[in-house]
Amino acid sequence: MGDLAVGARSGHEGPEERPERPDEAAAPAAEEHAGTGSDSTAHGARESGGQGGGPRKQRSFWKELPLLIGIALVLALLIKTFLVQAFSIPSDSMQNTLQQGDRVLVDKLTPWFGSKPSRGEVVVFHDPDNWLAGEPTTTPNALQTALSWIGLMPSAEEKDLIKRVVGVAGDTIECRNTGPLLVNGKPLNEPYVYPGNTPCSVDDQGGQFKVTVPPGKIWVMGDHRQNSLDSRYHQQDKYRGFVPVGNVVGRAIVIAWPPTRWDTLPIPDTFDQGLNTVAPSALGLIGAVPLVMWRRRRLTARLTDGNPRVSGSGTAG
């Protein structure tokens, strides 16, 4: 039993190993420990490098390009749908404020929050009732179609117009002779009207008019008064020349192209002169007060004459 134990320790068939000295035994252990630590460190470095702790190999630009294009297209589509959209000016009806070929940016965000068109704004709106009938249309190529879909170019299929709002719900708009244009009885000073034009047009097709804008509608006119088929010349359609507020795409705020034409499109000062009308209900109340007071005085006088117990103040005695 004891020999078996000794043989196991001494190697039995092999040469007998000499006893190890304490300092010699410690050295290999230290080396082994150091080697283990080194391997562990290297292994850990390899693992951390594989998990993103160390420098990673960057993707090729060409591999990332499709992703970047996809993100740009999605953002452009969202911006076109909810924020701003570019529109091209196809005619001269808004000269000199806008020139044919200008690109304007239209604010589409504020209508989402219930904002209504105001007097003086230049707005883009969908064709109310075939205002563009007979106007030539172009067939876009594939690139133009793609750019219009994401909002970088106007769509050839959309029937949109751009004019200036001169009247909102409740306003009375009137043109007599060559002008000036009257809004609720007040003449407008219109420096934006095309040079050489008169504010009103003398003709029998709609240039002479007096209209009151119904609720939910606006009245629009072009700045090039003698070259604009606007609300004046569509008074025979189903909306009588008025544009439904729901047809308004948004307000044109900036001329974005060409760079030499860059400018903002503010509301002219002429629309800040207090053009609002007094509400009909308020007018009725103001007119009713004197009548009520007069009738009350007559009733009080009758009661006083017929009953001596009633004093002149109308209080029972």
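Residues numbered from 1 in each chain as written. Predicted model: local features only at pLDDT ≥ 70, side-chain atom pairs only at ≥ 80, totals over all residues. Heavy atoms only, no water.

1. Here's the deal with unusual backbone geometry
Point 1. Following Q95, the chain continues to N96 via a peptide bond in cis, the omega torsion being -5°.
Point 2. With respect to the helices and strands, the residue N96 is situated in the loop between strand 1 (84-88) and strand 2 (103-107).
Point 3. A cis amide bond links G179 with the next residue in sequence, P180, at an omega value of 10°.
Point 4. Position of P180 relative to the elements: it lies in the loop between strand 5 (172-175) and strand 6 (182-183).
Point 5. Phi at N184 takes a positive value of approximately 55°, unusual for a residue other than glycine.
Point 6. On the secondary structure map, N184 appears in the loop between strand 6 and strand 7 (186-187). (Helix = DSSP H or I, 4+ residues; strand = E, 2+ residues; numbered from the N terminus.)

2. Some remarks on the sheet that holds strand 6
Point 1. If you walk across this open sheet you meet the four strands as 7-6-5-8, and the pairing is antiparallel. Two strands in the sheet have a free side with no partner beyond their single neighbour: strand 7 and strand 8 (209-212).
Point 2. Sheet topology note: the strand 5/strand 6 ladder contains two bridges and is antiparallel. Within the sheet, the bridge partner assigned to E174 lies in strand 6 and is L182. (Pairing = 2+ DSSP bridges.)

3. Focus: the environment of V106
Point 1. Within the fold, V106 resides in strand 2.
Point 2. Classification of V106 by relative accessible area gives buried; the value is 0%.
Point 3. C-alpha separation for the pair V106 and V122, spaced 16 residues apart in sequence, amounts to 9.4 Å.
Point 4. What V106 contacts, discounting residues up to four positions off in sequence, is L83, V84, Q85, F87, V124, V249, G250, R251 and A252. (Buried < 20%, exposed > 50% of the residue type's maximum accessible area, 1.4 Å probe, protein only. Contact = heavy atoms within 4.5 Å.)

4. Considering the confidence of the model for the protein
Point 1. Chain-level pLDDT for the protein is 75 on average; 59% of the residues reach the 70-or-more range.
Point 2. Considering only residues more than four positions removed or in separate chains, one finds that residues 1-50, a stretch of pLDDT under 50, has eight contacts.
Point 3. Overall, residues 307-317 carries pLDDT values under 50, and its contacts beyond four positions in sequence, including any with other chains, amount to seven contacts. (pLDDT = per-residue confidence, 0-100.)

5. Focus: the packing of aromatic side chains
Point 1. Across all of its chains, the model carries four aromatic pairs by this definition.
Point 2. Ring centres 6.4 Å apart and planes at 10° place the aromatic pair Y192 and F271 in the stacked group. With a gap of 79 residues between them, Y192 in the loop between strand 7 and strand 8 and F271 in the loop between strand 12 (263-264) and helix 5 (280-306) connect regions that are remote in the sequence. As far as the burial class goes, Y192 and F271 line up, both buried.
Point 3. Ring centres of W219 and F242 lie 5.3 Å apart, and the angle between their planes is 65°; on these two criteria the pair is classed as edge-to-face. Note that W219 is positioned in strand 9 (residues 217-221) and F242 in the loop between strand 9 and strand 10 (243-244), a separation of 23 residues in sequence.
Point 4. For W219, a relative accessible area of 0% corresponds to the buried category.
Point 5. One aromatic cluster is present, formed by F209, W219 and F242 through successive ring pairs. (Phe/Tyr/Trp six-rings, centres within 6.5 Å; stacked < 30°, edge-to-face > 60°.)

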